[in-house]
Amino acid sequence: MTRITKSMTGLVLTSLLGAAVIPSGACAADKVNINTASEQELMKLPDMTEARAKGIVGYRKSNGEFIQADELELIPQVKPIYNKIKELVTVE
Amino acid sequence: MMTRRSAGWPITIVASVALVIGARTARAEDVAIVEQHGQWEISYGAVYYRVFGYVENKSTKPIHYVKLQLDLVDASGKSVYSTVGYNQKAEALGTVEGEGADTLKRAPPEETLKKIEPLKPGEKDLFRIGVGKDDIPKRPKFATYQLKIVEVK
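A. Main features of the nonpolar core. In terms of nonpolar packing, the biggest core is built from 45 residues, with Leu42(A), Leu72(A) and Val66(B) touching the most fellow members. Elements with a minimum of two residues in this core: helix H3 (50-63) and helix H4 (82-85) of chain A together with strand E1 (31-43), strand E2 (46-57), strand E3 (66-73), strand E5 (124-132) and strand E6 (144-152) of chain B. Discounting chain neighbours no more than four positions away, the residues touching Leu42(A) are Val32(A), Ile34(A), Ala37(A), Met48(A), Ala53(A), Ile56(A) and Val57(A). Judged by nonpolar contacts, the second largest core, of six residues, contains Tyr65(B), Leu93(B), Leu113(B) and Ile116(B).

Here's what the structure looks like:
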């Protein structure tokens, strides 16, 4: 009985560790908020260059906060990488 | 004299019924939205959310206009902004907004309607309904849109 309990505990711990190590998609907390992120924070996104980050901050200043992440497609520098970053950003 | 008048009544009734049936008001079911999509756009420096698509006359009679209602809805499905628009051929029936719009002389709707080319049976027509970003509430943010036909004539 003790052996079974120990192996079950081991199984649960392995599953929990596995879940922590293997990412199953970005959750809301991991996402970059494009309405508040600085240029430096935006640079953490894949294929994000300084020019692209400046483009996002500039759009925000000119047109107000993003209502939808889809608005990123309106920024010429960002459009080419939009599909790559759309799941990694939020507009909260 | 009385007998002659009485004899004419059935004909009058039949003619009236035929007129009513013939002039049956078009219903929303007579038109279908056959294609639609929404996207952000920049036009003359201003940002808009626009919904485009096609309506099709599914009836056997001409249709003068199709009025559509666009609702921007939040994640819970609640409408945060609502507006209406017409099929492209009937866009003249829509309201004119912006600076100086109140100074424009507009023909009465009946007059405008006479100038609109009706949608023939089976014919498709484009529609586009746009909302300026400044008019869209910032909170709660809209997640998607809903489109429905509210009037057909």
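B. Examining H3(A) more closely. Here H3(A) is 14 residues long and its end C-alpha atoms lie 20 Å apart, about the 20 Å a rise of 1.5 Å per residue gives. The complete set of buried residues in H3(A) reads Arg52(A), Ala53(A), Gly55(A), Ile56(A), Val57(A), Tyr59(A), Arg60(A) and Asn63(A). Elements in contact with the buried residues of H3(A): helix H2 (39-42) of chain A together with E2 of chain B. Remark: Gly64(A) follows H3(A) within two positions and exhibits a positive phi of approximately 85°.

C. Here's a closer look at the sheet that holds E5(B). Residue and element names in this part refer to chain B. The strand order across the open sheet formed by three strands is E1-E2-E5, and the pairing between neighbours is antiparallel. Looking at strand neighbours, the two that pair on one side only are E1 and E5, the edges of this open sheet. Geometrically, the sheet is characterised by an average inter-axis angle of 20° between neighbouring strands, direction not taken into account. In the sheet, E2 pairs with E5 via nine bridges, with the strands oriented antiparallel. If you follow valine 51 over to E5, its bridge partner there is isoleucine 129.

About the criteria used
Residues numbered from 1 in each chain as written. Chains lettered and ligands numbered in written order. Predicted model: local features only at pLDDT ≥ 70, side-chain atom pairs only at ≥ 80, totals over all residues. Heavy atoms only, no water. Core = buried A, V, L, I, M, F, W, Y, C linked by side-chain atoms within 4.5 Å. Buried < 20%, exposed > 50% of the residue type's maximum accessible area, 1.4 Å probe, protein only. Helix = DSSP H or I, 4+ residues; strand = E, 2+ residues; numbered from the N terminus. Contact = heavy atoms within 4.5 Å. Expected span 1.5 Å × (residues − 1). Pairing = 2+ DSSP bridges. Axes fitted to C-alpha atoms, helices over the stretch in contact; angles between N-to-C directions.

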